[in-house]
Amino acid sequence: MRVFVTGATGFIGGTVAVRLVEAGHQVVGLARTEDKAAALRGFGLEPVLGHLDDAEVLAGAAREADAVVNAASSDHRGAVEVLVESLAGTGKPLLQTSGSSIVGDNAGGEASDRVFTEADVLPGGGWEPTPDKAHRVEIDRFLLAAADRGVRTVVLCNTLIYGHGRGPARDSVQVPRLVSQARRSGVVRHVGPGRNIWSNVHVDDVAELYLLALESAPGGSFHFVESGEESFGAIAQAVADRLGVGQPEAWDLESAIAEWGYERAVYALGSNSRVRSTRARELGWQPRHRSVTGWIGEVSEL
């Protein structure tokens, strides 16, 4: 199968693209520069030069492919609209990468006992996102509705992803931010008391679900991607133990925003995002990794 992957030079898209190559597929990856194109060739991918605002490039690559994986941005509606329009009536799969910060709260590091299922976040489930996340949810729902236009659309909503990427980009977002701040300051910091909880998943398990979804996920389906959960306090403690620094310290939200920016401090590192991936397991997905703190303690290099 010929698969067009946006975000192929990134963490999620790169890992998925390399795994597709390993599975015997022909993979075309979107690259913004010649240097990034050369990097993709090094991983056995065929690059196409362009970016998400290049409607003609996106449309051409999508039409020539048997399937499309959009892993470049969860918030770029224009690119999603071009991809849907290009594939309308073909029955081809279009996988959209979303993130479970859509159910994140402004908890400032405090805990929550609310756990979301896929049914909760679909239209009619009774839940609506915060204003900060409404745009992404609108994109997810637009894509799901496009199944009625003859595209096998699937939304994969990833949780905190750990592990090292298999493509050009090695690091994810959340754990590496804690690590880099700790290395600079000598202290691991979490937002508030660090009792906030995120579901999590290893990047290799993410890639396996993308492959499975390309093969068998029904059109118009939404899947949380998780295989465990942990508090940020426990994650920070694991980082501190791994780096051999002192006990983690609480950071007020204002200081966290100054270090990491609003989006990352409030949602990526300070919120709760507890979900269950029931539908992914119904597809036959069997994640092999279960513990982000275990990975932090065992990996050869953070």
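Okay, so let's go over this structure.

About the thresholds
- Residues numbered from 1 in each chain as written.
- Predicted model: local features only at pLDDT ≥ 70, side-chain atom pairs only at ≥ 80, totals over all residues.
- Heavy atoms only, no water.
- Phe/Tyr/Trp six-rings, centres within 6.5 Å; stacked < 30°, edge-to-face > 60°.
- Helix = DSSP H or I, 4+ residues; strand = E, 2+ residues; numbered from the N terminus.
- Buried < 20%, exposed > 50% of the residue type's maximum accessible area, 1.4 Å probe, protein only.
- Lys NZ or Arg CZ within 6 Å of the ring centre and 35° of its normal.
- Pairing = 2+ DSSP bridges.
- Axes fitted to C-alpha atoms, helices over the stretch in contact; angles between N-to-C directions.
- Contact = heavy atoms within 4.5 Å.

## Describing the packing of aromatic side chains
Reasoning step 1: Taken as a whole, this structure holds four aromatic pairs when the rule is applied.
Reasoning step 2: Ring centres of Tyr-162 and Trp-295 lie 5.9 Å apart, and the angle between their planes is 50°; this geometry places the pair in the tilted category. Remark: Trp-295 occurs in helix α13 (residues 292–298) and Tyr-162 occurs in strand β7 (residues 160–162); sequence separation between them is 133 residues. Both residues of the pair, Tyr-162 and Trp-295, count as buried.
Reasoning step 3: We note Arg-77 situated over the ring of Phe-142; from NZ or CZ to the ring centre the distance is 4.5 Å.
Reasoning step 4: In this structure, Lys-133 is placed above the aromatic ring of Tyr-267, and the distance from its NZ or CZ to the ring centre is 4.9 Å.

## Re the sheet that holds strand β5 (residues 93–99)
Sheet strands pair by backbone hydrogen bonding; their relative direction is either parallel or antiparallel.
Reasoning step 1: Across the sheet, seven strands lie side by side as β3-β2-β1-β4-β5-β6-β10; this open sheet has parallel pairing. Because the sheet does not close on itself, it has two edges, and the strands there are β3 (46–49) and β10 (221–225). The sheet shows a mean angle of 20° between the axes of neighbouring strands, direction not considered.
Reasoning step 2: In this sheet, strand β4 (residues 67–70) lies alongside strand β1 (residues 2–6) in parallel orientation, the contact comprising four bridges. Within β4, the residue paired with Val-5 across the bridge is Val-69.
Reasoning step 3: Helix α6 (residues 134–145) rests against β5, β6 (152–158) and β10 of the sheet, and its axis sits at about 160° to β5.
Reasoning step 4: Sheet strands in contact with helix α8 (residues 203–216) are β1, β4, β5, β6 and β10, and its direction is about 165° off that of β6.

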